[in-house]
Amino acid sequence: MFNSHFTMVRPSEIVAFLLLVTLVGTSLAANILYPVESESREVRTLHGLWNFKISPPSNQLIGFDEKWYTMRFETLGDYWKMPVPSSYNDVSTNSTIRDYVGWSWYQYEFYVPKRWTDDQLNVFLRFGSVHFKSIVWLNGKLCVDHEGGHLPFIGNATDFLKYDEPNLIVVAVNNTLRPDTIPQGYTTYPNNTYKYPKDYSIYSHEFDYFDYSGINRAVHLYTTPKVYVCDITVLTSFGNNLEGIVDYEVDICGNNVSECNITLLDANRNTVVESNTCSGQLIIPNVIPWWPIMSGKKHIAYLYTFQVKTNNEKSDYYRLRIGVRTLQWTSKQLLLNNEPIYLRGFGKHEDSIIRGRGYDDALSARDYYLIKWLGANSFRTSHYPYAEETLQQADAEGILVIVESAACNLRIFGPDVMKFHKGVMTENVNRDKNHPSVIMWSLANEPHNNLNSSVSYFRELYKHVRNIDPSRPITFVNSQQIQNAKAIEYMDILTLNRYSSWYSDSGHLELIQYQIYNEFEAFTKKYKKPILFTEYGAGAIAGLHSLPETMWSEDYHVTLLQEHFKTFDSLIANGVPILGEMIWNFADFKTPQEYIRPGLCVKGLFTRERQPKMAAYVVKERFHTFISNTAWQKRSLSCG
């Protein structure tokens, strides 16, 4: 299999080519605002069936050598039709494509209106997510490259477009992970000709979900005037008289224009307050705060519109929906708008049949209906940043979100991976900083923080993220035992993944209350910080029942959850600072081929088809007993 350390296998001309990519085609990292239409902007999606090819495992560089980025695949033959956005793995009936690792190629033709050049507009090409390494050409010319899945990148297409004939876009995608990427992957050579053919390689990675690849999210082509809004940062708070305060900064690209017209609109599009500076402060009298669902407030998920107009001859308009809310954290609580928050939710995955990790509006809408049906108020984007559209819906529905990076099961903590990790965290924070629904950054899931090298690593990474966002708590999700856990003392909030009576003490449901209570109490006493239960659960095959309950049955799943509920009630009643209970997982999802799972992780409350298991009804009953977003319930707390 292809070794992803390109310079070890590439001829000199390809090394020079990649150097050109990094120097010329770098993504417009700061220019990451989600594309929206306005008086000055036009947005098109390049969605549909793209031509798709894979490079032979024995000749991974053929596409570069033969310059596939300059020619139509119809002239080459041997190509497939692949929907964009979607993962390529499960669309065809070909097992080679399903399991493919290496360079794949996408191609699409499109037209653009001549008025775009007549009006002297910028035209940008934006990818919501390509997994993992991507190089993009327009009409045979390098436009942009990017490395890292799950996050957007942008290229300036203005000088590459043709306005009187078809435009050809070609994207080379490599999903090979390395020890210095986030997440990490490894290519090894067994060197055992008795069991394996000569030069046989084995590719593996550090996570237990299927590594869906390809152009997973939206591809947009959008226009702006030559002088345009390229970034907005808002930070909200409340004054002494409970007025809303919006501190803001607007970045203008194109020239030295430093004047803006800022208008804040309420939900009925009435003007609330205005300003004539690109950075400053807005004061909102009689502000309506952004509250999450089940807060017991009159207004839930109230959003204002932050409208920007550049003050020049050809003005650019951009509108951003924002919520006014605050976050604080103490040694015992997480406070939203000065009220304690108790998180009730789960980890999720971007995962569905056929589409894989490809974003789908219908699936997202269904998930939010199910979240609200359960009475949940939160989820974690395990184990990577989710689509921007998902967070926009969370803003509008009042669902709280912990955004997690793609650093799953990190076990190498060197300077190269640190550089990469800082880069993706910067991109992630820049993308999601203005969402009121985003309440916490998770730097990693279950890293090997039993290693001494993890301490300085996470201290430095924490400082990096704290410098670019002072407003949210930061954590990483810990799975180590208390005597082995390192670096968690430098996080704002403790988190814990535990699978009592599943991975440990399998079948012994009677141990859950004893083990979980003692461990939570020990962690909070030692570190003097609140703790969030980020994963617990059991596998349940839909329709499998046993009495008395046994592992893998829906009955065992239900009893395991109920034993945990009793433990949480006891912790709350005794003043142990627990911030919430998050089940693993929202819905069943695909895993790599292995003998310990039947093709799926079946810990979901819902099947992969988004239909409820027995556990979903039990969780619904549990979540709806809470009075509001605090830990207190309608019924009296009981451990019995």
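As the structure is a prediction and not an experimental result, all values here were calculated from the model.

1. Considering the sheet that holds strand β16 (residues 244–253)
Okay, step 1: Here we have 3 strands laid out as an open sheet, ordered β15-β16-β19, and antiparallel in their pairing. What marks the edges here is a single partner per strand, and that holds for β15 (228–238) and β19 (279–284). The sheet shows a mean angle of 25° between the axes of neighbouring strands, direction not considered.
Okay, step 2: Bridge count for β16 against β19 is 6 bridges, and the pairing is antiparallel. Counted as the bridge partner of E249 is S279 from β19.

2. Comments concerning the state of the cysteines
Okay, step 1: This model, assessed by the stated rule, comprises 2 disulfides.
Okay, step 2: A disulfide bridge connects C230 with C253, and the sulfur atoms are separated by 2.1 Å. The S-S bond linking C230 to C253 shows a torsion near 75°; that makes this disulfide right-handed. Of this pair, C230 sits in strand β15 while C253 sits in strand β16, and the two are 23 residues apart along the sequence.
Okay, step 3: Disulfide partner of C260: C278, at an S-S distance of 1.9 Å. Judged by the sign of its S-S torsion, about 90°, the cystine formed by C260 and C278 is right-handed. Here the residue C260 occupies a position in strand β17 (residues 260–265), and C278 occupies one in the loop between β18 (271–275) and β19, the gap between them amounting to 18 residues.

3. Description of helix α7 (residues 415–432)
Okay, step 1: Helix length check: α7, at 18 residues, gives a terminal C-alpha distance of 26 Å against a target of 26 Å (1.5 Å per residue), a fit within 8%.
Okay, step 2: Within the sequence span of α7, burial applies to V417, M418, F420, H421, V424, M425, N428, V429, R431 and D432. Down the axis of α7, the sector holding all buried residues measures 165°, keeping them to one side. Turned more than 90 degrees from where α7 packs its buried face, P415, D416 and K419 sit exposed.
Okay, step 3: Buried residues along α7 sit in contact with β8 (141–147), α6 (388–397), β27 (400–404), β28 (438–445) and α8 (453–468).

4. Points about the UniProt feature "domain: Glycoside hydrolase family 2 catalytic" (unreviewed entry) in the protein
Okay, step 1: Feature annotation in UniProt places "domain: Glycoside hydrolase family 2 catalytic" (unreviewed entry) on residues 330–625, given in this structure's numbering.
Okay, step 2: Note that residues 330–625 is 35% helix and 17% strand, and that its end C-alpha atoms are spaced 26 Å apart.

5. With respect to the side chain of K133
Okay, step 1: Position of K133 among the secondary structure elements: in strand β7 (residues 133–138).
Okay, step 2: In this structure the side chain of K133 is engaged in a polar contact, spanning 2.8 Å, whose partner is the side chain of D145.

6. Remarks on the layout of surface pockets
Okay, step 1: Each pocket or cavity is described by its volume, and for the second largest pocket that value is around 690 Å³.
Okay, step 2: Residue lining of the second largest pocket: 28 residues in total, with V36, R319, L320, R321 and Q392 positioned closest to the centre.
Okay, step 3: Contributions of two or more residues to the lining of the second largest pocket are made by β15, β20 (304–310), β21 (317–322), α6 and α7.
Okay, step 4: Among the residues making up the lining of the second largest pocket, the classes are represented as 11 nonpolar, 6 polar and 11 charged.

7. Overview of the packing of aromatic side chains
Okay, step 1: Under the defined criterion, the tally for this structure stands at 42 aromatic pairs.
Okay, step 2: Note on F132 and F420: the rings are 5.9 Å apart at their centroids and 15° apart in plane angle, and the pair reads as stacked. Of this pair, F132 sits in the loop between β6 (130–131) and β7 while F420 sits in helix α7, placing them 288 residues apart in sequence. Just as F132 is buried, F420 falls in that class too.
Okay, step 3: In textbook terms, an aromatic cluster arises when at least three aromatic residues are bridged by ring pairs, as seen for F64, W68, Y69, F73, W103, W105 and W137.
Okay, step 4: Between K348 and the ring centre of F379, over which it is positioned, the NZ or CZ distance is 5.7 Å.

8. A word on the environment of K226
Okay, step 1: With respect to the secondary-structure elements, K226 resides in the loop between β14 (219–224) and β15.
Okay, step 2: The partly exposed category is assigned to K226, whose relative accessible area is 41%.
Okay, step 3: It is 40 Å that separates the C-alpha atoms of K226 and V91, two residues lying 135 residues apart in sequence.
Okay, step 4: In contact with K226, not counting residues within four places along its chain, are Q120, L121, N122, T158, C253 and G254.
Okay, step 5: At 3.5 Å, the side chain of K226 forms a polar contact with the side chain of N122.

What counts as what
- Residues numbered from 1 in each chain as written.
- Predicted model: local features only at pLDDT ≥ 70, side-chain atom pairs only at ≥ 80, totals over all residues.
- Heavy atoms only, no water.
- Pairing = 2+ DSSP bridges.
- Helix = DSSP H or I, 4+ residues; strand = E, 2+ residues; numbered from the N terminus.
- Axes fitted to C-alpha atoms, helices over the stretch in contact; angles between N-to-C directions.
- Disulfide = S-S within 2.5 Å.
- Expected span 1.5 Å × (residues − 1).
- Buried < 20%, exposed > 50% of the residue type's maximum accessible area, 1.4 Å probe, protein only.
- Arc of directions from axis to C-beta.
- Contact = heavy atoms within 4.5 Å.
- UniProt positions renumbered as here; feature names shortened; annotations may be inferred.
- Polar contact = N/O pair within 3.5 Å; in protein donor to acceptor, adjacent residues only side chain to side chain.
- 1 Å grid on protein atoms, 1.4 Å probe; cavity = no way out; pocket = protein on both sides within 12 Å on 5 of 7 lines; lining within 4 Å.
- Points joined across faces, edges and corners; volume = space filled by probe spheres on them.
- Nonpolar A, V, L, I, M, F, W, Y, C, P; charged D, E, K, R; others polar.
- Phe/Tyr/Trp six-rings, centres within 6.5 Å; stacked < 30°, edge-to-face > 60°.
- Lys NZ or Arg CZ within 6 Å of the ring centre and 35° of its normal.

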